[in-house]
Amino acid sequence: MKKLLKYQLSTSWVSLAVFAVVYFGIMAFAGISVSFSGGDSYSQMNGTEMAVGILCFVIFVSNYGDNMRLAIQNGRSRKSIYTAALASAGLGSMMLSLYAQIIIFASSLLFGSERISYISMTEVIYDTNRSMVGHFIENYIFTTALLLVTAMFALVLAAAFARAGKYGRVAIAAGVPIALFVGFPILSGIVVSKAPALSEMYIRLLAKVTGVESGNPYIGSLTMIIAAAVMALITYFINRRAELKG
Amino acid sequence: MSNLVIEGVSKNYGSTRALNNVNVTFEAEKIYGLLGRNGAGKTTLLNIINNRIFADMGEITLGGAKAPENEEVQKKFYYTSEQMLFPKEMKVDKAIKWTAEFYPAFDTDYALHLASLFELPLKKKINSLSTGYKTIMKNVLALSVNTPYVFLDEPVLGLDANHREQFYRLLIEKYSNNPATYVISTHLIEEVANIIEEVVIIKKGEIIKQDSKENLLSEGYAVSGVASMVDSYMKGKTVIGVDSLGGLKSAYILGSPDHELEMGLEISSLDLQKLFIQLTNS
Amino acid sequence: MELSQDKPIFQQIAETIEDGILTGSFGEEGQIPSITEFSVMYKINPATANKGINLLVDQEILYKKRGVGMFVAKGASAIIKEKRQTQFYDAYISRLIKEAKKLNISSIDIIAMIERGYDNE
């Protein structure tokens, strides 16, 4: 499995390096340009971890197929491939999360002012009153959980895609974005207008489960980790009998 | 090194039975020809052995250990097929490097030597190679990997005559110096006939012959001459096929030729390609 | 160097080696090419080349020096000549007569042709 991890790292380090530079660059650029522009405008570079989440998703989704094919060509089992994918999702999430927190903290120190704020997504969602160290731990755990979820989601999609036939693939490629960005909002809209009591209950449940109600990011983190675990299990079953098609 | 035993393997694709109760054994350190027409099931069988797809029924074992999803067994196999399983953007030298990483016995110096023999450009991306050179790259890896079992699916597809000859000579040299089991799956029978020691013939998903080439060819003979003479000679014999051209005829017969032969009839040995054609014509 | 269809390949290999010994290309007590070299040259399976060579080892025309290779035995030329003289009738005369009969050439004509041949060739 070590070799598989080594391989995965070798194929993604360039994207990671580029992202690392661009991420810091944009943070810096925002801060510097604000200090040069006059006026009382107030900018927010908040919740930038979202970008890291997207990076995570893209890397896992795009590398899965190639990685699996190369692993099978070199005599590795699907179980190994799966374990390596989980390991890199876990390790990757922890490292990227750390990097994100460091950049946010550094940007806040270097470029932050009354005119521009750099806040972690955690603080945006949850209104907590903690010490700096407390904040850091909270943010780190929440971000790691978030990245884990995006990585697992990417793996589920990629595994399903690999296993699907011609039409299945079209269904996934078109269906998932449509469901997320079109279907879900429309459905929510309908539920809200037609069954307000139901949507009330749903929103209440969501608030509880994500810890927003209690203002506790650890609950949100736990929920995300559970979601990630469920997706990991689904991926395992999809991957187990995946056949390499032409 | 143990034998690779395939028992009762069947595979369906929807309503089509691609493989039907396949039983075959591959022994150590022999060159096998896995011969079959287009669509006979050769690639399906190799894909199953090499963990690319799963059999619906049956067992594949190496020395008793199951082959599917078992890295201990799969690391003793190397398989090159028409499918290109390397990332298209990868460069040739990286493909060599990573194969060496995953296969400890891989001989990188030899691989680089072969690459220069074939004029395979090391710094080019795989997807920018011609079909022939993609095949050459796969062959370079297969000849350098040093696993006990090497499976080659149509290893000369797209290769020009010079490269084909070069490949066969290198394969023979490699096999002679480092014996291993090579399974060459092909429909180009004539070219591999002298190189293979063992023959496995697959027809419509079933194994119809599995024997040494020597035994297979000694099973019968060809008799040629004037059509009427051949016809009378054929009486009472097991004829597996005939060729006619005008008044001349050739018959392919199982068994041993008669001691006394009429003048005008010529006996020659069975040719593997002719035997194959006769056996696999529907 | 071409292989023909009418005789088993291992036999052709053996005969090629014998020819080489008779013509002096392979001297007695000298080494002959390895099995690998023969197989590559003729593009045949090494087991086939091995079979041809073993045939000659059995007939004491060749011997093996472990770790070095195959060598021509002393007196190999003589053994080959004797063997081929015995086989000469079946290998050449029989076919010649069959063909001559096909073409209605009498035995007297054949003898005349043979004598002519010995004078000229």
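Definitions and limits used
- Residues numbered from 1 in each chain as written.
- Chains lettered and ligands numbered in written order.
- Predicted model: local features only at pLDDT ≥ 70, side-chain atom pairs only at ≥ 80, totals over all residues.
- Helix = DSSP H or I, 4+ residues; strand = E, 2+ residues; numbered from the N terminus.
- Rg over C-alpha atoms; globule rule 2.2 N^0.38 Å.
- Buried ≥ 20, exposed ≤ 12 C-beta atoms within 10 Å, placed from the backbone.
- Contact = placed C-beta atoms within 7 Å.
- Domains from an automatic or database assignment.
- Pairing = 2+ DSSP bridges.
- Right-handed = clockwise from strand over helix to strand, strands pointing away.
- Arc of directions from axis to C-beta.
- Axes fitted to C-alpha atoms, helices over the stretch in contact; angles between N-to-C directions.
- Parallel < 35°, antiparallel > 145°, perpendicular 65-115°, else oblique.
- Nonpolar A, V, L, I, M, F, W, Y, C, P; charged D, E, K, R; others polar.
- Core = buried A, V, L, I, M, F, W, Y, C linked by C-beta atoms within 7 Å.
- Left-handed = near helix turned anticlockwise from the far one by under 90°.

1. Structural notes on the overall build of chain C
Item 1. Within chain C, the regular secondary structure consists of five helices and two strands.
Item 2. Order of helices (α) and strands (β) in chain C, N terminus to C terminus: α-α-α-β-β-α-α.
Item 3. For chain C, the C-alpha radius of gyration of 18 Å lies well beyond 14 Å, the compact-globule estimate for 121 residues.
Item 4. In terms of principal-axis extent, the alpha carbons of chain C reach across some 55 × 30 × 25 Å.
Item 5. Looking at chain C as a whole, 23% of its 121 residues are labelled buried.

2. Remarks on the overall build of chain B
Item 1. Each helix and strand in chain B was counted, giving ten helices and 14 strands.
Item 2. In terms of overall dimensions, chain B has C-alpha extents of about 65 × 40 × 35 Å along its principal axes.
Item 3. With 282 residues in all, chain B has 40% of them scored as buried.
Item 4. Summarising the internal contacts of chain B: among those between residues at least 6 apart in sequence, 68% fall at separations of at least 24.

3. As for the domain arrangement of chain C
Item 1. Per the domain assignment, the segments of chain C are domain 1 (9-76) and domain 2 (87-120).
Item 2. Here the C-alpha centroids of domain 1 of chain C and domain 2 of chain C sit 32 Å apart.

4. What to know about the sheet that holds strand β4 (residues 57-62) of chain B
Residues and elements named next belong to chain B.
Item 1. Spatial ordering of the open sheet is given by β2-β1-β4-β5, a layout of four strands whose pairing is antiparallel. Each edge of the open sheet is held by one strand with a lone partner, namely β2 (16-26) and β5 (65-66).
Item 2. The pairing of β4 with β5 spans two bridges and is classified as antiparallel. Bridging from a neighbouring strand, Thr61 pairs with Lys66 of β5.

5. Re the pairing of strand β8 (residues 181-186) of chain B
One face of the sheet, then the other: side chains in a regular strand alternate in exactly this way.
All names here are of chain B.
Item 1. Judged by how many residues are buried, β8 sits mostly within the fold: five of six residues are covered.
Item 2. Judged from the five bridges that link them, strand β3 (residues 31-36) and β8 form a sheet pairing that is parallel. Considered in β8, the bridge of Leu34 is made with Ser185.
Item 3. One ladder, built from five bridges, connects strand β7 (residues 149-153) with β8; its direction is parallel. Looking across to β8, one finds that Asp153 is bridged to Ser185.
Item 4. Running through helix α6 (residues 161-177), the crossover from β7 to the neighbouring parallel element β8 is right-handed.

6. With respect to helix α10 (residues 272-280) of chain B
Residues and elements named next belong to chain B.
Item 1. Taken together, the buried positions of α10 are Leu272, Leu275 and Phe276. Looking straight down α10, one finds its buried side chains confined to an arc of 100°; they lie on one side.
Item 2. The inward-facing, buried residues of α10 abut β3, α7 (189-192), β9 (198-203) and α8 (213-218).

7. What about the packing of helix α5 (residues 131-144) of chain B against α6(B)?
Residues and elements named next belong to chain B.
Item 1. Following both chains from N to C, one finds α5 and α6 inclined at 5°, their axes separated by 11 Å at the closest point. Between α5 and α6, the angle falls in the class roughly parallel. Of the residues in α6, those touching α5 at Gly132, Ile136, Asn139 and Leu143 are His163, Phe167, Leu170, Leu171 and Lys174.
Item 2. Class assignment of the residues belonging to the contact of α5 with α6 gives a composition of five nonpolar, three polar and one charged.

8. Description of the pairing of strand β2 (residues 69-72) of chain C
Residues and elements named next belong to chain C.
Item 1. Two strands pair when backbone bridges link them, and strand β1 (residues 62-65) and β2 are joined in this way by four bridges, in the antiparallel orientation. Bridging across to β2, Leu62 finds its partner in Val72.
Item 2. Linkage of β1 to β2, two consecutive antiparallel strands, is achieved through a turn of three residues, within which Gly67 is found at a positive phi near 85°.

9. Digging into the environment of Asn3(B)
Residues and elements named next belong to chain B.
Item 1. With respect to the secondary-structure elements, Asn3 resides in the segment before β1 (4-13).
Item 2. For the pair formed by Asn3 and Glu72, sequence separation is 69 residues and the distance between their alpha carbons is 15 Å.
Item 3. For Asn3, the residues in contact, after removing those within four places along its chain, are Thr25, Phe26, Glu27 and Ala28.

10. Looking at the interface of chain B and chain A
Item 1. At the junction of the two partners, chain B supplies 18 residues and chain A supplies 18 residues.
Item 2. The greatest single-element share of the side of chain B that touches chain A, amounting to four residues, is contributed by helix α3 (residues 92-102) of chain B.

11. Quick notes on the nonpolar core
Item 1. With 149 residues, the main nonpolar core has Phe60(A), Met152(A), Leu155(A) and Val140(B) as its most contacted residues.
Item 2. No other element matches the 16 residues that helix α5 (residues 132-163) of chain A contributes to this core.
Item 3. For Leu155(A), the residues in contact, after removing those within four places along its chain, are Phe60(A), Tyr64(A), Ala85(A), Ala89(A) and Thr235(A).

12. Regarding the environment of Glu123(A)
Item 1. Of note, Glu123(A) is situated in helix α4 (residues 121-125).
Item 2. Taking the C-alpha atoms as reference points, Glu123(A) and Met94(A), 29 residues apart in sequence, are found 19 Å from one another.

13. Thoughts on the packing of helix α1 (residues 2-36) of chain A against helix α2 (residues 49-73) of chain A
Residues and elements named next belong to chain A.
Item 1. Put simply, α1 and α2 touch, their axes get as near as 10 Å, and they point 155° apart. Considered as vectors, α1 and α2 are oriented roughly antiparallel to each other. Between α1 and α2 the crossing geometry is right-handed. The residues of α2 that touch α1, namely those facing Leu4, Tyr7, Gln8, Thr11, Ser12, Ser15, Phe19 and Tyr23, are Ala51, Leu55, Ile59, Asn63, Asn67, Leu70 and Ala71.
Item 2. Per-class residue counts for the contact of α1 with α2 are nine nonpolar, six polar and no charged.

14. A look at the interface of chain B and chain C
Item 1. Listed by partner, the interface residues are 16 residues for chain B and 14 residues for chain C.
Item 2. If you list the elements that add at least two residues to the side of chain B that touches chain C, you get α6 and β14 (266-269) of chain B.
Item 3. When its residues are assigned to classes, the side of chain B that touches chain C shows seven nonpolar, five polar and four charged.

15. Observations concerning the arrangement of the chains
Item 1. Ranked by contact count, the leading pair among the two pairs of chains in contact consists of chains A and B.
Item 2. Structurally, chain A and chain C remain out of contact, their C-alpha atoms never closer than 28 Å.

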